[in-house]
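# Descriptive analysis of the structure
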Amino acid sequence: MMTLLTIFLVMLLVLTAFAVERTKDLLSAVIVFAAFSLVLSVLWLILKAPDVALTEAAVGAGITTVVLLAVLSKTERYER
Amino acid sequence: MNNRLLHTIVKMLLPVIIVYGIFIVLHGHLTPGGGFSGGAILGTALVLYGLAFGQDASLKIFPESVSKYLESGGVLAIVVIGLVGLFVGGYFLSNAATGVPLGTPGDLLSGGIIPLLMIAIGLKVGSTLMTLFNALLEDE
């Protein structure tokens, strides 16, 4: 059961990483990147590294998203 | 602009986030997390307030002059604690020799100087994130 969950999460991780790279809408890319960080945080927890998981959730899903959104408000929304 | 929903949810969520950040910072020597993670959560709470109510409102409760002193003070506190350890115990950041009571392992007030270091790191990281956000959003 645990192995199945890990395989599912890793596949979701790869999928979100591809989605961040492929999408042209930068706002969607930032939101998908937050989802990527969240999945990675759960994976750290499964790998028995709760310290890294907490930092990943706080920095990856929190601060990085906010800073990238602030940068996005200064530039354009769509990639050319 | 009708953003009463956003304001209400942020007002309800903000105390919970701040209490959680303080919990992570104060339990840095006992549980996962510590100064950096807790400081990042505290910084996220401040940035969330700034995003919801505007930069002027967030600068009113957490002005530039306060964050300036918190940033430098956090680093200075770590260096001063380390130097006290160097002069009293013989090496940088030496713990038991500084005379701070060690307490029983597992208690909240234990670990000698480690909780003090965690509080210093938490204040430093939180105020640095706020300064970073303000610097990004300010007009040229």
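Up top is the structure.
Report on the accompanying structure.

## Looking at the interface of chain B and chain A
At the interface, 18 residues of chain B touch 14 residues of chain A. Together, the buried faces of chain B and chain A total about 1,200 Å²; carbon and sulfur atoms form 79% of this surface. At the junction of chain B and chain A, the tally comes to 0 salt bridges. Counting the contacts that link chain B with chain A gives 2 residue pairs in polar contact (both at pLDDT 80 or more). Mapped by element, the contributors of at least two residues to the side of chain B that touches chain A are α1 (4-26), α2 (35-53) and α5 (114-137) of chain B. Examining the composition of the side of chain B that touches chain A, we find that 7 residues originate from one element, α2(B), more than from any other. Split into classes, the residues belonging to the side of chain B that touches chain A amount to 12 nonpolar, 3 polar and 3 charged.

## Looking at the packing of aromatic side chains
In this structure the tally under the stated criterion is 2 aromatic pairs over all chains. On the basis of an interplanar angle of 10° and a centroid distance of 5.8 Å, the ring pair of A:F33 and A:F36 is categorised as stacked. On the criterion of helical spacing, the pair formed by A:F33 and A:F36 is a turn pair, its members being 3 residues apart in helix α2 (residues 26-46). For A:F33, a relative accessible area of 26% gives the class partly exposed. Here B:K68 stacks its cationic end above the ring of B:Y69, 5.7 Å away from the centre of that ring.

Reading the values: rules and limits
Residues numbered from 1 in each chain as written. Chains lettered and ligands numbered in written order. Predicted model: local features only at pLDDT ≥ 70, side-chain atom pairs only at ≥ 80, totals over all residues. Heavy atoms only, no water. Contact = heavy atoms within 4.5 Å. Buried area = accessible area lost by both parts, 1.4 Å probe. Salt bridge = Lys/Arg side-chain N within 4 Å of Asp/Glu carboxyl O. Polar contact = N/O pair within 3.5 Å; in protein donor to acceptor, adjacent residues only side chain to side chain. Helix = DSSP H or I, 4+ residues; strand = E, 2+ residues; numbered from the N terminus. Nonpolar A, V, L, I, M, F, W, Y, C, P; charged D, E, K, R; others polar. Phe/Tyr/Trp six-rings, centres within 6.5 Å; stacked < 30°, edge-to-face > 60°. Buried < 20%, exposed > 50% of the residue type's maximum accessible area, 1.4 Å probe, protein only. Lys NZ or Arg CZ within 6 Å of the ring centre and 35° of its normal.

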